[in-house]
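Reading the structure
Now for the letters of each chain:
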Amino acid sequence: MIHSKTLFDKGNLKYFFIWIISLLLSGLFKLIGYLNPNVLLINNFLVLLLVFGPALLVTIILVFNKFSNS
């Protein structure tokens, strides 16, 4: 039988980890939005999350790639 790469190989577990972190963060933001229902309230904390959130996600991906290649 020819071994083909599947979604559940050891090398792809880091993507599941990032997926779980993303789901937990989105659930946390959903809970915060439910507890504080002020519509369109933009404060400094929200701006920081919107600016540095994607950069943090890219940094996590780069660190996982660095550790998986060494």
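This text goes with the structure placed above it.
1. With respect to the layout of surface pockets
Space inside the largest pocket adds up to approximately 590 Å³. As for the largest pocket, its lining consists of 21 residues, of which Phe29, Ile32, Phe45, Leu46 and Leu49 are closest to the centre. Of all the secondary-structure elements, those providing two or more residues to the lining of the largest pocket are helix H1 (13-35) and helix H2 (44-69). Counting residues per element, the lining of the largest pocket draws most heavily on H2, at 10 residues. Grouping the constituent residues of the lining of the largest pocket by class yields 15 nonpolar, six polar and no charged.

2. Notes on the packing of H1 against H2
For the pair H1 and H2, the least separation of the axes is 11 Å and the interaxial angle reads 160°. The orientation of H1 relative to H2 falls into the category roughly antiparallel. The two elements H1 and H2 meet at a crossing, and its hand is right-handed. Where H1 abuts H2, its residues Lys14, Tyr15, Phe17, Ile18, Ser22 and Phe29 lie against Leu49, Leu57, Ile60, Ile61, Phe64, Asn65 and Ser68. Its residues assigned to classes, the contact of H1 with H2 shows nine nonpolar, three polar and one charged.

Thresholds applied
Residues numbered from 1 in each chain as written. Predicted model: local features only at pLDDT ≥ 70, side-chain atom pairs only at ≥ 80, totals over all residues. Heavy atoms only, no water. 1 Å grid on protein atoms, 1.4 Å probe; cavity = no way out; pocket = protein on both sides within 12 Å on 5 of 7 lines; lining within 4 Å. Points joined across faces, edges and corners; volume = space filled by probe spheres on them. Helix = DSSP H or I, 4+ residues; strand = E, 2+ residues; numbered from the N terminus. Nonpolar A, V, L, I, M, F, W, Y, C, P; charged D, E, K, R; others polar. Axes fitted to C-alpha atoms, helices over the stretch in contact; angles between N-to-C directions. Parallel < 35°, antiparallel > 145°, perpendicular 65-115°, else oblique. Left-handed = near helix turned anticlockwise from the far one by under 90°. Contact = heavy atoms within 4.5 Å.

Distances and angles like these do not, on their own, reveal function.
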